[in-house]
Structures are given as C-alpha cells and as structure tokens.
Amino acid sequence: MAMLQDLERTTTERLLLRRIQEGDLDAVFAIHADPETSRFDPSGPLRSMDAARELMELWLEDWARHGVGYWVVERLDAPGTVVGFSGLRHKQLQGQPVLNLAYRFSPRSWGSGYATEVARVALALARKHIPHIPVVAIIDLENAPSLRVAERLGMRRDRVIGLEGVANAVYLAE
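Residues numbered from 1 in each chain as written. Predicted model: local features only at pLDDT ≥ 70, side-chain atom pairs only at ≥ 80, totals over all residues. Heavy atoms only, no water.

Q: Looking at this model, I keep getting lost on helix 2 (residues 25-32). Mind explaining?
A: Side chains of residues three or four places apart in an α-helix project in the same direction, reflecting 3.6 residues per turn. Along helix 2, the positions that sit buried rather than exposed are Leu25, Ala27, Val28, Ile31 and His32. For helix 2, the arc enclosing every buried residue in end-on projection is 165°, short of the 170-degree limit, so these residues lie on one face. Looking at the packing, one finds that the buried side of helix 2 touches helix 3 (49-66), strand 4 (82-93) and strand 5 (96-105). (Buried < 20%, exposed > 50% of the residue type's maximum accessible area, 1.4 Å probe, protein only. Helix = DSSP H or I, 4+ residues; strand = E, 2+ residues; numbered from the N terminus. Arc of directions from axis to C-beta. Contact = heavy atoms within 4.5 Å.)

Q: Before we go on, may I ask you to explain the nonpolar core in this structure?
A: The tendency in soluble globular proteins is for nonpolar side chains to be buried side by side. Counting residues in hydrophobic clusters, the biggest one holds 48 residues, and the most contacted among them are Ile20, Phe85, Leu101 and Tyr103. Among the elements that take part in this core, helix 4 (residues 114-129) stands out by supplying nine residues, more than any other. Leu93, Val136, Ile138 and Ile161 belong to the second-largest nonpolar core, a separate cluster that totals seven residues. (Core = buried A, V, L, I, M, F, W, Y, C linked by side-chain atoms within 4.5 Å.)

Q: Before we go on, may I ask you to explain the pairing of strand 5 in this structure?
A: Across the ten residues of strand 5, seven count as buried, placing the element largely inside the fold. Bridge count between strand 4 and strand 5: ten bridges; the pairing is antiparallel. Bridge pairing in strand 5 links leucine 93 to glutamine 96. Taken together, strand 4 and the strand that follows it, strand 5, pair antiparallel across an intervening segment of two residues, in which glutamine 94 is found at a positive phi of about 50°. With two bridges connecting them, strand 5 and strand 6 (residues 135-140) associate as parallel partners. Residue asparagine 100 lies in a different strand from strand 6, and its bridge partner there is valine 136. Handedness of the β-α-β unit built from strand 5, helix 4 and strand 6 comes out right-handed. (Pairing = 2+ DSSP bridges. Right-handed = clockwise from strand over helix to strand, strands pointing away.)

Q: I would appreciate a short explanation of unusual backbone geometry in the present structure.
A: Most peptide bonds are trans, and most residues other than glycine sit at a negative phi. We note that glutamine 94 has phi near 50°; this positive angle belongs to a residue other than glycine. With respect to the helices and strands, glutamine 94 occurs in the loop between strand 4 and strand 5. For glutamate 164, which is not glycine, the phi dihedral falls at a positive 50°. Its place among the elements puts glutamate 164 in the loop between strand 7 (156-163) and strand 8 (166-172). Assessed through its relative accessible area of 63%, glutamate 164 is described here as exposed.

Q: How should helix 4 be read in this particular structure?
A: Taking 1.5 Å of rise per residue, 16 residues should cover 22 Å, and helix 4 covers 22 Å from first to last C-alpha, within 8% of that figure. With twelve of its 16 residues buried, helix 4 lies for the most part within the structure. Of all the positions in helix 4, only Tyr114, Ala115, Thr116, Glu117, Val118, Ala119, Val121, Ala122, Leu123, Leu125, Ala126 and His129 are classed as buried. (Expected span 1.5 Å × (residues − 1).)

Q: How should the pattern of salt bridges be read in this particular structure?
A: As a working rule, side chains carrying opposite charge can pair if their charged atoms are close by. The final tally for this structure, using the stated rule, is twelve salt bridges. In this structure, the salt-bridge partner of arginine 159 is aspartate 158, at a minimum N-O distance of 2.4 Å. Judged by its relative accessible area of 26%, arginine 159 falls in the partly exposed class. (Salt bridge = Lys/Arg side-chain N within 4 Å of Asp/Glu carboxyl O.)

Here it is as structure tokens:
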C-alpha cells in the first residue's frame with residue numbers, strides 16, 4: 001500500500017504531486033489548450049472541453065488500471081494553484097512496454113526548474129516500485145528545453161524515431 005500512496009501523492013521541496021481527479025478538468029484544459037505548451041505536441045492544443053475530458057478520462061483510467069499515471073502539480077506555497085502535469089504512464093513504444101515520462105507546465109512557471117524537480121521524483125519512484133519497465137522520455141528534437149531536462153536527469157539519448165511525421169528523440173533512464 002505504501003507504493004500506491006507514494007505514487008498517488010507526494011511532495012518535493014516546492015511542489016505537491018497528486019493523482020489526477022475529476023475536479024481537475026479546467027486545469028487540464030487550461031494547460032493543454034495553450035498553444036505555447038502544445039507547440040511540440042503533434043496533435044496540437046486541445047480545442048474543446050470535450051477533448052480535455054477525453055484526455056482526463058484516459059489518465060484516470062491509467063490510475064485505475066495500473067496504479068500509476070500523470071500527476072497534477074501544484075505549488076505548496078499556493079495550494080490549489082496548478083502549474084502543470086507530469087509523471088509516468090504505461091505505453092507501448094515500438095511494441096515494447098515502457099513508462100513514458102512527461103512534463104508539461106504553464107508558461108508562467110517555465111524556467112523555474114519544476115520539470116526537473118518533478119521528473120527526478122518520478123524516476124526515483126519508478127526505480128523503486130516499477131524497476132522492470134524501462135522509463136523513456138519521447139521529445140521533439142526541436143524542443144530544446146525538454147531535451148535539456150532529460151539530459152539534466154542523466155537520461156541517455158537512445159534513438160530517434162518518427163512520431164506523426166516529426167523526429168523525436170527517445171531518452172532512456174539509466
């Protein structure tokens with residue numbers, strides 16, 4: 001049970017990382033409909049609350065099925081202030097089961113180090129609780145800030161793949 005509690009709700013020095021829940025729909029939409037945060041997303045920004053609901057349902061299903069998924073990230077010094085989404089979700093990559101490490105934050109919080117801070121916790125929890133599944137970060141080659149986060153985390157560029165016609169680096173956690 002400690003595993004699930006670790007994965008469902010944890011903190012860093014500055015942030016609360018918690019399992020997504022029904023009440024987070026507005027935050028899902030606000031961050032994922034922003035053209036800036038979606039610049040490197042092949043599907044582009046979310047266009048409707050229905051699309052946000054579909055995305056949130058997928059993430060809720062991850063938690064229900066696997067006991068792990070993307071977190072809502074809030075500032076500890078401003079409870080309820082969602083600054084982004086991050087964490088791990090089960091995915092198939094070229095036929096192989098992986099844990100996909102993702103981080104997407106509101107532009108207001110860019111440059112604060114939140115992505116690195118949260119991703120370090122995600123990697124540590126994956127090593128501790130789900131060590132048999134590789135952790136990857138799939139990043140558009142043009143997305144320099146995200147590439148820097150993966151490198152700062154000590155992830156290794158494993159290969160480059162095409163994803164919806166766009167070249168993406170696959171970083172692998174060691």
